[in-house]
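Summary of structural features
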Amino acid sequence: MPYLDSLPPHQLLSSSLTFNSNELKLVKGTNLLGATQSRKDELLREHQDCQSVFTQSDRSLAEGFTFERYLTAAIYLSSRAFPSTLLDRSPTVVSSPDSPAHPVLLPIVDSLNHARGQPVTWLVEDSPADSTETSTRDDSLRISVVCGTDVPAGCEVFNNYGAKPNSELILGYGFALENNPDDTIVLQLSGSPKKWEVGRKENPSSSRTLQALFEEACETTVSKWKDVTRKETGAAFDDEDIEDEIILLRRDATLFLLEATRRKLQALPPLADLEDALNVRQAVREMIKWYVQGQHDVLNYVNEFFEEKLKTIEAELDGMGIQYLSDDEGPST
């Protein structure tokens, strides 16, 4: 089929799912490594399930159904597929029980590259000969992708995949953006089911997310202290009775967050190592460099946020005349 022949072969794909061992080492200590391993494990399980069915029905089919081929097809879908709801008469990327979304490939349209912020409009219309068609979705519909800016002759026409961090672009598509404004990092307190996706300092939602993470850490620290104190003393108390202790505990929680952030920063691959790594494809080296730089930028902002929290809390303690140990001496409790 001409369409299938136009798709890049496995060796030209650059999703992190295709990284060799040296390339994977360059993302050690990042969220991307865990996400890549989880996705690959999921695909391996799916492949094994399919293999067991094929083996029972047609052994020759099973022998040709290699994991490399299955992985390649999965990357085609993640990097090129559109939600089927875009083909509704009222296009949308939102799935619903009445109109569930499934991945679909649209030849030619799915070859358009991504440009962040590119204004693009999807139009779904009846073909003139089928204007009386009333079904929700059918083969008679005409799909148009309208670019919202002028494109000079001979220049590339872009689509807009939406606001995506480099971790998602590398895993799902196989490319990254330099200084991607949508870069994020996922943070999670030990033992907590909550995951907090924090973006760059310029992202208005980042400070709100960090504030929520800060409050979760403080509430957890205070709750654990109360449980231990009740077990040891049998005392019952209200928050008003332990106001000074709560402030000290919030300081402890902030110190913990700062330490965790700095450990995460130290775990990131040094940018200098990216240039010297051997057996790494040049395109992969470049996108990993952009991704890791973004992780450094976000974590430096996280560190800055919690440092400001610590200054505020310590100023409050100083104003109340409450003594506390210095950072070198450890937490107050």
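The coordinates are above.
This section reports on the structure supplied with the text. The structure presented is a predicted model; accordingly, all values stated were derived computationally and were not measured.

Quick word on the overall build of the protein chain
The helix and strand tally for the protein chain stands at 10 helices and 6 strands. Dimensions of the protein chain along its principal axes, counting C-alpha atoms only, are 80 × 50 × 50 Å. For the protein chain, the proportion of contacts with a sequence separation of at least 24, taken over those separated by at least 6, is 65%. By element, 52% of the accessible surface of the protein chain is carried by carbon and sulfur atoms, the whole surface being about 19,200 Å².

A short note on the packing of aromatic side chains
Each aromatic ring pair is characterised by the separation of its centres together with the angle its planes make. A full pass over the atoms with the stated rule returns 8 aromatic pairs. Ring geometry for F54 versus F65: centroids 4.9 Å apart, planes at 85 degrees, classification edge-to-face. Here the residue F54 occupies a position in helix α3 (residues 31-57), and F65 occupies one in the loop between α4 (59-64) and α5 (67-80), the gap between them amounting to 11 residues. Classification of F54 by relative accessible area gives partly exposed; the value is 23%. We classify F65 as buried; its relative accessible area is 17%. Between Y161 and F175, the ring centres sit 6.2 Å apart and the planes meet at 65 degrees, which makes this aromatic pair edge-to-face. Of the two residues, Y161 sits in the loop between β4 (141-147) and α6 (166-172) while F175 sits in the loop between α6 and β5 (184-187), which places them 14 residues apart along the sequence.

A look at α3
Between the first and last C-alpha of α3 there are 40 Å, a value that for 27 residues agrees with the 39 Å anticipated at 1.5 Å per step. What α3 keeps buried is the set L32, L33, T36, L43, H47 and Q51.

Here we look at the pattern of salt bridges
Across all of its chains, the model carries 15 salt bridges by this definition. Bridged by salt links that share partners, the residues D183, R200 and D297 form one connected network.

Some words on the nonpolar core
Within the largest apolar cluster, 29 residues are counted, with the highest numbers of intra-cluster contacts made by L43, I170 and I288. Those elements that provide at least two residues to this core are α3, α5, α6 and α10 (282-320). Beyond its immediate chain neighbours, meaning those up to four positions away, L43 contacts L17, F67, Y70, L71 and A74. Residues W196, C218, L265 and F306 belong to the second largest nonpolar core, which totals 28 residues.

What to know about the environment of Y324
With respect to the helices, strands and loops of the structure, Y324 is situated in the segment after α10. According to the relative accessible area criterion, Y324 is partly exposed, its value standing at 26%. Sequence-distant contacts of Y324, defined by excluding residues within four places in its chain, comprise L248, R251, E314, L317 and D318. Here D318 takes part through its side chain, which lies 3.2 Å from a polar atom of the side chain of Y324.

Here's the deal with unusual backbone geometry
One non-glycine residue with positive phi stands out, namely I108, at about 75 degrees. Note on placement: I108 falls in the loop between β2 (103-104) and β3 (120-126). Note on I108: relative accessible area 69%, which makes it exposed. The backbone phi angle of N279 is positive, close to 55 degrees, even though this residue is not glycine. Examined against the element boundaries, N279 turns out to sit in the loop between α9 (271-276) and α10.

So, a negative patch on the surface
A contiguous patch of negative charge on the surface is contributed by D238, E240, D241, E243, D244 and E316. Relative to the helices and strands, E243 resides in helix α8 (residues 243-267). Classification of E243 as partly exposed rests on a relative accessible area of 47%.

Concerning the environment of R116
On the secondary structure map, R116 appears in the loop between β2 and β3. For R116, a relative accessible area of 44% gives the class partly exposed. Taking the C-alpha atoms as reference points, R116 and N180, 64 residues apart in sequence, are found 9.0 Å from one another. Apart from the residues lying within four places of it in its own chain, the contact partners of R116 are L177, N180, P181 and D182. Of the polar contacts made by the side chain of R116, one reaches the side chain of D182; its length is 2.6 Å.

Calculation criteria
Residues numbered from 1 in each chain as written. Predicted model: local features only at pLDDT ≥ 70, side-chain atom pairs only at ≥ 80, totals over all residues. Heavy atoms only, no water. Helix = DSSP H or I, 4+ residues; strand = E, 2+ residues; numbered from the N terminus. Contact = heavy atoms within 4.5 Å. Areas by Shrake-Rupley, 256 points an atom, 1.4 Å probe, with all protein chains shown as cover. Phe/Tyr/Trp six-rings, centres within 6.5 Å; stacked < 30°, edge-to-face > 60°. Buried < 20%, exposed > 50% of the residue type's maximum accessible area, 1.4 Å probe, protein only. Expected span 1.5 Å × (residues − 1). Salt bridge = Lys/Arg side-chain N within 4 Å of Asp/Glu carboxyl O. Core = buried A, V, L, I, M, F, W, Y, C linked by side-chain atoms within 4.5 Å. Polar contact = N/O pair within 3.5 Å; in protein donor to acceptor, adjacent residues only side chain to side chain. Patch = residues over 30% accessible without salt bridge, like charges linked within 9 Å, V, L, I, M, F, W, Y side chains within 5 Å. Lys, Arg positive; Asp, Glu negative; His and termini not counted. Charge placed at Lys NZ, Arg CZ, Asp CG, Glu CD.

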